[in-house]
Amino acid sequence: MPNGQQQPQPEPPAGGQWYPPEWPARIRALADGSLTPVAPRRAATVMLLRDTPDGPAVHMLRRRASMAFAGGAYAYPGGGVDPRDEEHLVGWAGPSREDWADRLGTDPLTAQAIVCGAVRETFEEAGVLLAGPAPDTVVGDTTGDDWEGDRQALVARELSFAAFLDRRGLRLRSDLLGAWARWITPEFEPRRYDTWFFVAALPEGQRTRNASTEADRTVWIRPADAAAGYDKGELLMMPPTISTLRSLEPYGSAADALAAAGAQDLAPVLARAALEDGELVLSWPGHDEFTKRVRPGGPA
């Protein structure tokens, strides 16, 4: 999740959708050619699930209100992919890098780096590690001081995740992840991410904690309950978050969701901005609920 300085946050419109106040000016600049889009950086985020008597719950973080990007919004553990994680082969279990490359639409080493990013961010921000010493095991407890030292080194980028796995003698459990969706930050944003969303189940024996400096709260919440909170304007979220939450609602267990991941559409979703009859129209193809019309001079 990007860092930044505090900025005033707008009131959410219908539902709990977050729109930065600077978007209209940036959209106009993109339309008139005075804004050149920046290249998106690869990123990964994980919808971590655990079963409850009422169905699966998903682990979510609330970004601190002081964050410039989506302050106060609920999101999943996630962040940028580290290019160092494609420099050499790491300990690996589950579907091959070639299989992941086919699924993600990349080459095998890029796919390794993206999957490493998903697993690393889950460890960095939730304290959960999808890796083990053997192809069919996961570590049982990551709360000790030595684990925390490694986690802090990963956060500071003093240690690559590939080097961390090597040093610990661990294999990344790619079979515990399923690719779910792909969203690309709109072209008018100053910081852009090409983000792959993954689903995973909380490994037995591990527990989550708020290990992120960017979050002031963590919750386990049923996707339907989180979506209801968004619809009431009580939970602030960005379009990719609420869209993926809604897509999780049909599944009765974490295993069901993971089993369904292979059938999910990974075609990238990219917002479109247009000027229509003097109005700015912001839309996400295939996701009509997020369409936003802004009158000249009006707020985002």
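Further up the page is the structure itself.
Heads up: these notes are all about the structure in this document. Keep in mind the model is a prediction, meaning the values are calculated, not measured.

Side note on the overall build of the protein
Alright, step 1. Along the protein, the regular secondary structure elements total 8 helices and 14 strands.
Alright, step 2. Looking at the 300 residues of the protein, the share that counts as buried comes to 53%.
Alright, step 3. The long-range fraction of contacts in the protein, counting pairs at least 24 apart against all pairs at least 6 apart in sequence, stands at 71%.
Alright, step 4. Summed over its atoms, the accessible surface of the protein is roughly 12,900 Å², and 49% of this surface lies on carbon and sulfur atoms.

Side note on the sheet that holds strand 6 (residues 131-132)
Alright, step 1. As summarised here, the arrangement of the 3 strands in space is 5-7-6, forming an open sheet in which the pairing is mixed. Looking at strand neighbours, the two that pair on one side only are strand 5 (92-93) and strand 6, the edges of this open sheet.
Alright, step 2. Of the pairings in the sheet, the one linking strand 5 to strand 7 (residues 171-173) comprises 2 bridges and is parallel in character. Along strand 7, the bridge assignment pairs Trp-92 with Leu-172.

Concerning the packing of helix 4 (residues 145-155) against helix 5 (residues 161-168)
Alright, step 1. The interhelical angle for the contact between helix 4 and helix 5, taken along N-to-C directions, is 155 degrees, at an axis separation of 10 Å. Classed by the angle they form, the pair helix 4 and helix 5 counts as roughly antiparallel. Read as a crossing pair, helix 4 and helix 5 show a hand that is right-handed. On helix 5, the residues touching Asp-146, Trp-147, Asp-150 and Leu-154 of helix 4 are Phe-161, Phe-164, Arg-167 and Arg-168.
Alright, step 2. Partitioning the contact of helix 4 with helix 5 into residue classes produces 4 nonpolar, no polar and 4 charged.

A word on the packing of helix 3 (residues 108-126) against helix 4
Alright, step 1. It is at 10 Å that the axes of helix 3 and helix 4 come closest, and there the two elements cross at 115 degrees. The chirality of how helix 3 crosses helix 4 is left-handed. Counted together, Arg-120, Phe-123 and Glu-124 of helix 3 and Trp-147, Arg-151, Leu-154 and Val-155 of helix 4 form the full contact between these two elements.

Parameters at a glance
Counting of residues starts from 1 at the beginning of each chain's written sequence and follows it residue by residue. Per-residue local features of the predicted model are confined to residues with pLDDT of at least 70, and side-chain atom pairs are confined, for both listing and counting, to 80 or more; whole-chain, interface and lining totals are unaffected and use all residues. Excluded from the side-chain calculations are hydrogens and water; all other atoms, namely the structure's heavy atoms, are used. A run of H or I in DSSP counts as a helix once it spans at least four residues, and a run of E counts as a strand once it spans at least two, with each numbered from the N terminus. Throughout this description, buried means an accessible area under 20% of the type-specific maximum (1.4 Å probe, protein chains only), exposed means over 50%, and partly exposed covers the range between. By the convention used here, residues are in contact when the closest approach between their heavy atoms is within 4.5 Å. Note that accessible areas follow from Shrake-Rupley with a 1.4 Å probe, and for residues the cover is restricted to the protein chains shown. Strands are treated as partners if at least two bridges between them are detected by DSSP. To define axes, lines are fitted to C-alpha atoms, for helices over the stretch in contact only, and angles between the resulting N-to-C directions are given on a 0 to 180 degree scale. The labels follow the angle: roughly parallel below 35 degrees, roughly antiparallel above 145, roughly perpendicular from 65 to 115, and oblique for the rest. Handedness of a crossing follows from how the near helix is turned relative to the far one, being left-handed for an anticlockwise turn of less than a right angle and right-handed for a clockwise one. Note on residue categories: nonpolar means Ala, Val, Leu, Ile, Met, Phe, Trp, Tyr, Cys or Pro, charged means Asp, Glu, Lys or Arg, and polar means any other residue, Gly included.

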